[in-house]
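The lines below spell out each chain.
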Amino acid sequence: MVSIDIETEDGQREILRRMLTIRAFDTKAGELFADGELPGFVHLYIGEEAVGVGAISALEEQDYITSTHRGHGHCIAKGLDTYKMMAELYGKRDGYCNGKGGSMHIADVDAGMLGANGIVGAGPPLATGAALTAQYKGEDKVALAFFGDGAVAQGQVHEGINLAATWDLPAVFVVENNHFGEATAMEDQHNVEHLSATAEAYDIPGFTVDGMDVTAVYEAVKEARERAANGEGPTFIEADTYRYEGHFEGDHQPYRTEEDIDLWKDRDAIETFKNRLVEAGAVTQDEFEEMRDEIEAEIEDHAERAKAADYPDPSEAYEDMFNANVPEINDFAARMRADGGER
Amino acid sequence: MSTDTASGEGFSDTETMTVREAIRQALREELERDEDVYVMGEDVGTFGGVLGVTGDLVEQFGETRVRDTPISEAGFTGAAVGAAATGTRPVVEIMFSDFMGVCSEQILNQMAKNRYMFGGKTEMPVTIRTTEGGGMGAASQHSGTIHTWFAHLPGIMAVAPGTAHAAKGLTKSAIRSDDPVIIFENKQIYENEGEVPVSEEYTIPLGTASVEREGDDVTVVATQRMVGESLDLAEELAGETSVEVIDLMSLYPMDTDTLLKSVEKTGRLVVADESPLSYGTHAEVVARVQEEGFFSLDAPIQRVGVADTHIPFSPALEEEILPHAEDVRAAIDRVV
Ligand SMILES: Cc1ncc(C[n+]2csc(CCOP(=O)(O)OP(=O)(O)O)c2C)c(N)n1
């Protein structure tokens, strides 16, 4: 998807649409998981929509992102297909990874989405590598890494940033500070008040922005992208945000209260942005509700279709290991199976 | 899988060179052949690599293509994975394989798994070159022989050349491969000389072993330094015992056919590899041969390697730990 001009009404509506799509998708995913429909874990992005959408809307279509275990929002903001995402959550063949990745590994390298990631902190070095490709080939591409406040305590995050800073790579590092790493508060994991202080050590620009304000995130990333594309190196952005749901579905959340959550919900990013647009006359309340209903119906339909879709054939478990043909995989598989692997 | 190219036959133009020069020639040729290929690692540029493998490459190709990195194995290995997924072909040097502990996350969970987890929709043309082995008095943290760990890991190809021609052919194939390949170079053999095809077309298919010397009484399947030592031993024993020496070369995939064919002829097998014996490379060779070639065997299979210890510092102790030709000879004596 092409970068979105937040100055135009079309752009504003598209930003609203993507935030609503994330909310609807993850709400549905949460329900399905609670109903025992989905295998594995799901980590919901509800509450953090302004960060993913604000940041990615400021990028160009050809740009790369790396993501986290909480990646659905990044995928949707990057323009990925919600049916194929749902199918992946179900472990169906129609999914982005043919059912081999699941919620934590959705990827579409052709679309510049280099993968959600089950390893906290693994994304930044990968983004540094994508930025290296762009610099090496002289392409107008930027790589943006999303990672959580918890991930900032991981060594490889700093190695990735240091390398990108040293080589002036076209990278942008965006910390989604949702105030918790699983059940441990940000204050108990870091000794600084603002994670953007990290930037100082690498002599790159660092900002903390309001991650509940899609416009603020957009503007910060727009500037960072420009700097990156001009050969001026990476920027470190901390977006102050909050997750409304538990770390994973079923988390009993002893680490916070309903009141804490409500304080943030009062500043809900979708509500705030919508109200701003209504005031400016860019959309009406009715149009907004219509858009939301339409999106919810579409997600509902995608979930139903995904549920009805086919599982991969068991034999596909042995595929996709290598580009090259490696006969031992099939040989071993065939010998282990009573039917000799024939189907 | 043919072993013709594996031994360099069919390429008449050869030159004598060291393993180090052979690897450098492979890097040079691939850097020349493909603009997407570049080399990175600690001190690989002007310094030429701490063990001198990259040498003067930076002079010819410049700092963009032969790039010094900060001392951050996780950072640059991870960057190589991201770079490979987006259309370049990085060749990473990890100074000593022991340091792969530091970047194992990127190898284990990203490089090895991305293609599979993404449903086959991305390629991963990363080559990692690293050094292994004792013999330099470098003590435990610079002498490990850890290739078994990575050969064991699904999603990675692992090679370990024993000769100069293998070093060149495997390095070129690794760089051309769209799959991740780790090359384990034994630092004790960098100075070993051998005949190497100088043709740019010369490559060794990944997953082939090379029969370096034919024999009838016993097969020695060796890797890295043990290949040369076994060849010398075979020469010494000639007339007394006829020893067939195979350079395994490719740890994964493994050329089981060549091993089975040899054992069918000799009926006896010794596996010599400089890694700890338990759960090792040896075990994989033994398992494959007995699964399919059990009835060819006339004697129990023998293993030669490192006892399950670390490599000590003192020359007196290190010498005790490392496997040598006399250990292979003792193993042969037990079965012939
Ligand atoms: C290397 C690693 N350690 C631990 C975990 C388990 N884990 C999954 S998510 C998570 C919390 C991450 O917190 P943060 O980076 O702030 O992201 P958030 O969940 O808040 O989006 C942890 C500890 C993991 N997946 N990977």
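Here, the structure is the one placed above.
Here is a short report on the structure shown in this document.

A few words now on the overall build of chain A. When its secondary structure is counted, chain A shows 12 helices and seven strands. Here the C-alpha atoms of chain A give a radius of gyration of 21 Å, agreeing with the 20 Å that 2.2 N^0.38 yields for 343 residues. When the backbone C-alpha atoms are referred to their principal axes, chain A occupies close to 65 × 50 × 40 Å. Out of the 343 residues in chain A, the part that is buried amounts to 57%. Contacts in chain A between residues at least 24 apart in sequence constitute 71% of all its contacts with a sequence separation of at least 6. Surface summary for chain A: the accessible area is close to 13,800 Å², and the carbon and sulfur share equals 45%.

To continue, consider the sheet that holds strand S7 (residues 235-240) of chain A. Sheet strands line up and pair through hydrogen bonds in the backbone, either parallel or antiparallel. Residues and elements named next belong to chain A. The five strands are arranged S1-S2-S3-S7-S6 in an open sheet whose pairing can be described as parallel. The sheet is open, and its two borders are formed by strand S1 (64-66) and strand S6 (206-210), each paired with just one other strand. Going across the sheet, the axis of each strand differs from the next one's by a mean of 20°, ignoring polarity. One ladder, built from six bridges, connects strand S2 (residues 143-148) with strand S3 (residues 171-177); its direction is parallel.

Bringing the site of the ligand into the picture now. All names here are of chain A. The local shell around the ligand holds 15 residues, among which His69, Arg70, Gly118, Gly150 and Phe180 are the closest. Between a nitrogen atom of the ligand and a main-chain N or O atom of Val120, the distance comes to 3.1 Å. Interatomic distance of 3.0 Å between a backbone N/O atom of Ala151 and an oxygen atom of the ligand. Out of a free accessible area of 580 Å², the ligand has 74% covered by protein chains. Tallied by class, the residues present in the shell around the ligand amount to four nonpolar, eight polar and three charged.

On any regular strand, side chains alternate: one points to one face of the sheet, the next to the other face. Residue and element names in this part refer to chain B. In terms of residue burial, strand S11 (residues 243-247) counts as a mostly covered element, since five of its five residues are buried. Burial of S11 is two-sided: the residues Val243, Val245 and Asp247 facing one way and the residues Glu244 and Ile246 facing the other way are all buried. When strand S10 (residues 218-222) meets S11, the two strands line up parallel, connected through five bridges. Pairing of Val218 across the sheet is with Val243, part of S11. Read as a crossover between parallel neighbours, the route from S10 over helix H8 (residues 225-237) to S11 is right-handed.

Along the chain, the position of Ser72 of chain B falls in the loop between strand S3 (66-68) and helix H3 (73-85). Excluding residues within four positions of it along the chain, Ser72 of chain B makes contact with Glu159 of chain A together with Glu42 of chain B.

The rolling of a water-molecule-sized probe over the atoms marks out the regions of remaining empty space. Residue and element names in this part refer to chain B. A volume near 880 Å³ is recorded for the largest pocket. Around the largest pocket sit 40 residues that line it, and Thr148, Trp149, Ala151, His152 and Tyr279 are the ones nearest its centre. Of the residues in the lining of the largest pocket, the class split is 21 nonpolar, 15 polar and four charged.

Moving on, we come to the pattern of salt bridges. Using the criterion set out here, one finds 42 salt bridges over all chains in the structure. Between Arg288 of chain B and Glu328 of chain A there is a salt bridge whose closest N-O contact spans 2.8 Å. Taken together, the positions of Arg288 of chain B in helix H10 (residues 281-293) and Glu328 of chain A in helix H12 (residues 327-336) put the pair across two chains. Overlapping salt bridges, with partners in common, bring together Glu29, Glu30, Arg33, Lys168, Lys172 and Arg176 of chain B in one network.

Our focus in this paragraph is the sheet that holds strand S5 (residues 127-132) of chain B. Residue and element names in this part refer to chain B. The mixed open sheet is built from seven strands, whose spatial order is S3-S2-S4-S5-S7-S6-S12. Whereas interior strands pair on both sides, the edge strands pair on one side only; in this sheet they are S3 and strand S12 (250-252). Here the strands of the sheet are splayed against their neighbours by 20° on average, with no regard to which way each runs. Where strand S2 (residues 37-41) lies against strand S4 (residues 89-94), five bridges are found, and the strand directions are parallel. Residue pairing across strands places Gly41 opposite Glu93, the latter belonging to S4.

What follows deals with the interface of chain A and chain B. A common way to state how big an interface is: give the accessible area lost once the parts meet. Listed by partner, the interface residues are 44 residues for chain A and 52 residues for chain B. Together, the buried faces of chain A and chain B total about 3,800 Å²; carbon and sulfur atoms form 59% of this surface. Taken together, the links from chain A to chain B amount to four salt bridges. Note that Asp36 of chain B and Lys137 of chain A form a salt bridge whose closest N and O atoms lie 3.4 Å from each other. By residue number, the principal contributor to the side of chain A that touches chain B is helix H5 (residues 123-137) of chain A, which donates 10 residues. Split by residue class, the side of chain A that touches chain B holds 23 nonpolar, 14 polar and seven charged.

Counted by the stated rule, this structure contains 12 aromatic pairs over all chains. Arranged with centres 5.3 Å apart and planes meeting at 75°, the rings of Phe11 of chain B and Tyr202 of chain B form a pair that is edge-to-face. Of the two residues, Phe11 of chain B sits in the segment before strand S1 (14-18) while Tyr202 of chain B sits in the loop between strand S8 (193-197) and strand S9 (210-213), which places them 191 residues apart along the sequence. Relative accessible area serves as the criterion here: at 0%, Tyr202 of chain B is assigned to the buried category. Of the aromatic side chains, those joined through ring pairs into one cluster are Phe180, Tyr242, Tyr255 and Trp264 of chain A. Above the plane of the ring of Tyr116 of chain B lies Lys100 of chain A, whose end atom (NZ or CZ) is 5.0 Å from the centre. The aromatic ring of Trp167 of chain A is capped on one face by Arg67 of chain B, whose charged end is 4.5 Å from the ring centroid.

Grouped together as the largest cluster of nonpolar side chains are 101 residues, with contacts concentrated most on Phe147 of chain A together with Ile107, Met111, Ile182, Phe184 and Val285 of chain B. Per-element accounting of this core gives the leading share, eight residues, to H3 of chain B. Those residues within four positions of Ile182 of chain B in sequence are excluded, and the remaining contacts are Met100, Ile107, Met111, Ile128, Thr130, Phe150, Ile156, Met157, Ala158 and Val159 of chain B. In this structure, Met19, Leu80, Val174 and Ala309 of chain A belong to the second largest nonpolar core, which totals 75 residues.

The rules behind these values
- Each chain has its residues counted from 1, running along the sequence as written.
- Key to labels: chains lettered from A, ligands numbered from 1, both in the order written.
- Reporting of local features is limited, given that this is a predicted model, to residues whose pLDDT is at least 70; pairs of side-chain atoms are given and counted only at 80 or more, and all residues count toward the totals for whole chains, interfaces and linings.
- The basis for every side-chain value is the complete set of heavy atoms in the structure, and neither hydrogens nor water enter the calculation.
- Runs of E in the DSSP output that reach at least two residues are strands. Runs of H or I that reach at least four are helices, and both are numbered from the N terminus.
- Using C-alpha atoms as the atom set, the radius of gyration is obtained and then compared with a globule rule of 2.2 Å times the number of residues to the power 0.38.
- Accessibility here uses a 1.4 Å probe with only protein chains present; expressed as a share of the type maximum, an area under 20% marks a residue as buried, one over 50% as exposed, and anything in between as partly exposed.
- Residue contacts follow a heavy-atom distance rule, with two residues in contact if any of their heavy atoms lie within 4.5 Å.
- All accessible areas in this document rest on Shrake-Rupley with a 1.4 Å probe, and a residue is counted as covered only by the protein chains that are shown.
- Between any two strands, pairing holds if DSSP finds at least two bridges.
- Every axis in this analysis is a line fitted to C-alpha atoms, fitted for helices over the stretch in contact. Angles between the N-to-C directions lie between 0 and 180 degrees.
- Throughout, near means a residue has at least one heavy atom within 4 Å of the molecule or strand.
- Polar contact is defined as a pair of N or O atoms within 3.5 Å, subject to the rule that within protein one atom must be able to donate a hydrogen and the other to accept it, and that residues adjacent in sequence are counted only when both atoms are side-chain atoms.
- Residues are grouped as follows: Ala, Val, Leu, Ile, Met, Phe, Trp, Tyr, Cys and Pro are nonpolar; Asp, Glu, Lys and Arg are charged; all remaining types, including Gly, are polar.
- Look down the strands so they point away from you; if going from the first strand over the helix to the second traces a clockwise path, that crossover is right-handed.
- In this analysis a 1.4 Å probe is tested at points of a 1 Å grid over the protein atoms alone, and where it fits but cannot get out there is a cavity; an open set with protein on both sides within 12 Å along at least five of seven lines is a pocket; lining residues have an atom within 4 Å of a point.
- Grid points are joined across faces, edges and corners, and a volume is the space filled by probe spheres set on the points.
- By salt bridge we mean one thing: a side-chain nitrogen of Lys or Arg within 4 Å of a carboxyl oxygen of Asp or Glu.
- Summed over both partners, buried area is the accessible surface (1.4 Å probe) that two parts give up on being assembled.
- Put simply, two rings from Phe, Tyr or Trp (the six-membered ring, in Trp's case) pair if the centres are within 6.5 Å, and we call them stacked under 30 degrees between planes, edge-to-face over 60, tilted for the rest.
- Should the NZ of a Lys or the CZ of an Arg lie within 6 Å of a ring centre and within 35 degrees of the ring normal, that charge is described as sitting over the ring.
- The set of buried Ala, Val, Leu, Ile, Met, Phe, Trp, Tyr and Cys residues whose side-chain atoms join them within 4.5 Å is what this entry labels a nonpolar core.

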